[in-house]
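As a plain string of letters, each chain reads:
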Amino acid sequence: MTEKTEPRMTAPVLRPGDPGYDEERTGFQLLDPHHPELIVTAHGEQDVREAVGYARAHGHSVAVQATGHGLTSAAQDAVLISTRAMTEVSIDPVARTARIGAGATWRQVIEASAPHGLAPLSGSFPGVGAVSYTANGGIGLLARRYGFAADHVRAVELVTADGALSRRTEGDELFWAVRGGGGNFGVITAMEIGLMPVRRLYGGVLYLDLERSPDVIEEWLRWTETVPRTVTSALAMLPFPDLDGVPEPLRGKRIAQLQLALLEEPEDAERILAPLRALPGQVLDTLRELPYTESGAVFAEPGQPHAYRSANRLLSAVDPAAARSLAELSSAEQPVMCVTQLRHLGGALAEPVDNAVPHREAKYLLGVLSPVEPGQVELVRALHRDALAPFESAALGPALGFTFDELDQDTVRAGYGARYPRLAELKAAHDPENLFRHNHNIRAR
Ligand SMILES: Cc1cc2nc3c(=O)[nH]c(=O)nc-3n(C[C@H](O)[C@H](O)[C@H](O)COP(=O)(O)OP(=O)(O)OC[C@H]3O[C@@H](n4cnc5c(N)ncnc54)[C@H](O)[C@@H]3O)c2cc1C
C-alpha cells in the first residue's frame, strides 16, 4: 500500500472495500453517492482538523456529509469527512441559544430545545442536518415570522483549509461568508444558534383534489397576499399512486397540498384559513394545534431515503397563468413523477441582514422535484427545465440550499447573486486551492 492510502491518522478511517465504507458514504440521497478515497468518521473537531490536514498534504479535496440530504455531486478523489457522529446539542435557556454539532439533525435540536419552551428555525423535514441547512440560509416553518435560520447564528466554529480551528463571530469576514455561503469556506464543526420562544403552532396539510379545485393555485396566491407574517405556507402538487397503503381519499388522484404553519391561537388561525377552507375539492385535512416537536407533520414529507433530483427558482412574482401549467406536471401521465411546490416567502425574510444570504427580496420559491430511476437523470433535468421556463422572466436565481443537482457555474453565480464577488474574494483569500469544492462551488477570483 502506498503512503497515499495509508494515512497516519488517529481519527477512525474507512477505505473502499472496508466493512462500513458503503454505509458511511451513503446518506438520504441515494443517487450517485460519494465515492471517496478515504472516509474519516469524525467524532470531534480534532478528527476534522486531522482529515483536512491530511487531504491537503496528499492532494485530495475535502467533502463533508452529515445526513446526505443535500448531496449535489459525488466526490471521487476526496477525503470525505462524515460528521454523523458529531451530534452534540446543548441548550442555554437563559441566552436562548443552542450549540449544535456538525452532525446534529433538526429533530435532535427540536427535542433538546422543547423542554425549555424554545424552538429552532427548522424546516419542513426534521431529519435534515441543522448546520448545512443554516449555512445555506435555511427557510423554515416560521420563516416569514423570524427570517432565515442564518440570520440567527451567533457563532461558528470552523476548520479552514490550513487545518486551523477558529471561532468566528460578528465582525469576522468568514462569519459573514458562512451564513449563506454554505460549505465553501471550511468544515463547520459546531454552530451557536438563536432559539425562538415557540412551544406550539397551528398547522398541517389541507389536501384538495386538483380536478375538483382547478383554481387552487390562483386562490392560494391571492390568499398569500393577505396574510400576516405569522403565517408561513406552501402549495405542493403531486399525483398519489393508486396503491394499498396510500390513504383512500388520496389514492389515484392529482392532489394539491396546502402546507400551513401559523403562529396563532386556533381560533385566529381558523379565521385566517377561512378562504382556503372554502375552496372546493377538499379530501383530507390534518390541521390542528400541535407541539413544535411534531412540526414534521406540517409538510408531511416522506422519510425514506431515495434517489431524487430537483431544480428551483426564487421568484419576484408568480404569473398565475404560468402557475396553472404546474398542475399539468402532477399528472400521472408524465414520464417521471414531478412534485411541484411554491413556498410563500417575504415577511422577515425580506429584512436586510448583513450576511451572505442572497435574494432576500424573493416573494416565492418554486421548486420541482422528482424521484429518479437509473438512466433517467437527463430526462428529469429536461422536464424540470421545461417546468421552470415559463417563470424565468421573474426569476432571481436558484435557492442553492434546495438544489439537489450539480449546476453549471453561471447558475451557481446566479444563486449567490450580488453576494458572489465578495464571496469569490474571500474564497481566494481562505481557500485558494478550492479544497472545499463538493458543494455549490464558489470559484476564487
Ligand atoms: C426532504 C428535504 C427537506 C428539506 N427542507 C428544507 C427546508 O424546509 N428549508 C431549507 O432551507 N432547506 C431544506 N432542505 C434543504 C437542506 O437544508 C439542504 O439540502 C442541506 O444542505 C442539507 O444538509 P444535510 O446536512 O442534511 O445534508 P448533507 O448532504 O449531509 O450536506 C449537504 C452539503 O452541505 C455541506 N456540509 C454539510 N455539513 C457541513 C459542515 N459541517 N461544514 C461544511 N459544509 C458542510 C456539504 O457540501 C454537503 O454536501 C430540505 C432538503 C430535503 C432533502
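Residues numbered from 1 in each chain as written. Predicted model: local features only at pLDDT ≥ 70, side-chain atom pairs only at ≥ 80, totals over all residues. Heavy atoms only, no water.

Caption draft 1: View of the sheet that holds strand S9 (residues 187-194). Here we have five strands laid out as an open sheet, ordered S5-S6-S9-S7-S8, and antiparallel in their pairing. Unpaired on one side and paired on the other, strand S5 (89-92) and strand S8 (165-168) mark the two borders of the sheet. Taking each pair of neighbouring strands and ignoring which way they run, the sheet shows an average axis angle of 15°. Bridge count for strand S7 (residues 153-159) against S9 is six bridges, and the pairing is antiparallel. If you follow Val156 over to S9, its bridge partner there is Met191. Together, S5, strand S6 (97-101) and S9 form the strand contacts of helix H3 (residues 106-113), whose direction differs from that of S5 by roughly 35°. (Pairing = 2+ DSSP bridges. Helix = DSSP H or I, 4+ residues; strand = E, 2+ residues; numbered from the N terminus. Axes fitted to C-alpha atoms, helices over the stretch in contact; angles between N-to-C directions. Contact = heavy atoms within 4.5 Å.)

Caption draft 2: The arrangement of the side chain of Ser213 in detail. Inspection of the secondary structure assignment puts Ser213 in the loop between strand S10 (200-209) and helix H7 (216-224). Residue class for Ser213 comes out buried when judged on its relative accessible area of 2%. If near-sequence neighbours (up to four positions away) are discounted, Ser213 is found in contact with Leu208, Leu279 and Pro280. (Buried < 20%, exposed > 50% of the residue type's maximum accessible area, 1.4 Å probe, protein only.)

Caption draft 3: Here's a closer look at the domain arrangement of the protein chain. For the protein chain, the assigned domains are domain 1 (12-82), domain 2 (89-197) and domain 3 (200-410). Each of domain 1 and domain 2 has a C-alpha centre, and the two are 22 Å apart. Taken together, the contact between domain 1 and domain 2 spans twelve residues of the former and 17 residues of the latter. Summing both sides of the interface, domain 1 and domain 2 together bury roughly 1,000 Å²; the carbon and sulfur share of this comes to 73%. Inspection of the domain 1/domain 2 interface yields two residue pairs in polar contact (both at pLDDT 80 or more). Of all the elements in the fold, those that place two or more residues in the side of domain 1 that touches domain 2 are helix H2 (45-57) and strand S3 (62-65). If one sorts the elements of the side of domain 1 that touches domain 2 by residue count, H2 sits on top with five residues. Grouping the constituent residues of the side of domain 1 that touches domain 2 by class yields seven nonpolar, two polar and three charged. (Domains from an automatic or database assignment. Buried area = accessible area lost by both parts, 1.4 Å probe. Polar contact = N/O pair within 3.5 Å; in protein donor to acceptor, adjacent residues only side chain to side chain. Nonpolar A, V, L, I, M, F, W, Y, C, P; charged D, E, K, R; others polar.)

Caption draft 4: The arrangement of the confidence of the model for the protein chain in detail. Chain-level statistics for the protein chain give a pLDDT mean of 95 and a share of 98% at 70 or above. The low-confidence segment residues 1-5, where pLDDT is below 50, has eleven contacts with residues more than four positions distant or belonging to other chains. (pLDDT = per-residue confidence, 0-100.)

Caption draft 5: Spotlight on the packing of aromatic side chains. A complete count under the given rule lists six aromatic pairs for this structure. Residues Tyr308 and Phe404 carry aromatic rings whose centres are separated by 5.4 Å and whose planes lie at 85° to one another, so their mutual orientation is edge-to-face. Here Tyr308, found in strand S15 (residues 308-315), pairs with Phe404, found in the loop between strand S18 (395-397) and helix H11 (409-416); they are 96 residues apart in sequence, far enough to count as distant. For Tyr308, a relative accessible area of 4% translates into the label buried. Judged by its relative accessible area of 14%, Phe404 falls in the buried class. Each member of the aromatic cluster is reached from another via a ring pair, and the members are Phe28, Phe125, Tyr308 and Phe404. (Phe/Tyr/Trp six-rings, centres within 6.5 Å; stacked < 30°, edge-to-face > 60°.)

Caption draft 6: Seen up close, the site of the ligand. Lining the immediate surroundings of the ligand are 32 residues, of which Ala66, Thr67, Gly129, Ser132 and Ile139 lie closest. In this structure, Arg343 approaches the ligand through a side-chain N or O atom, which is 3.2 Å from an oxygen atom. Contact with the protein chains removes 94% of the 950 Å² of surface that the ligand exposes when unbound. Looking at the shell around the ligand, the elements that each hand over two or more residues are S3, helix H4 (130-135) and S9. Sort the elements by how many residues they give to the shell around the ligand and H4 lands first, with three residues. Counted by class, the shell around the ligand contains 14 nonpolar, 16 polar and two charged residues. (Near = heavy atom within 4 Å. Areas by Shrake-Rupley, 256 points an atom, 1.4 Å probe, with all protein chains shown as cover.)

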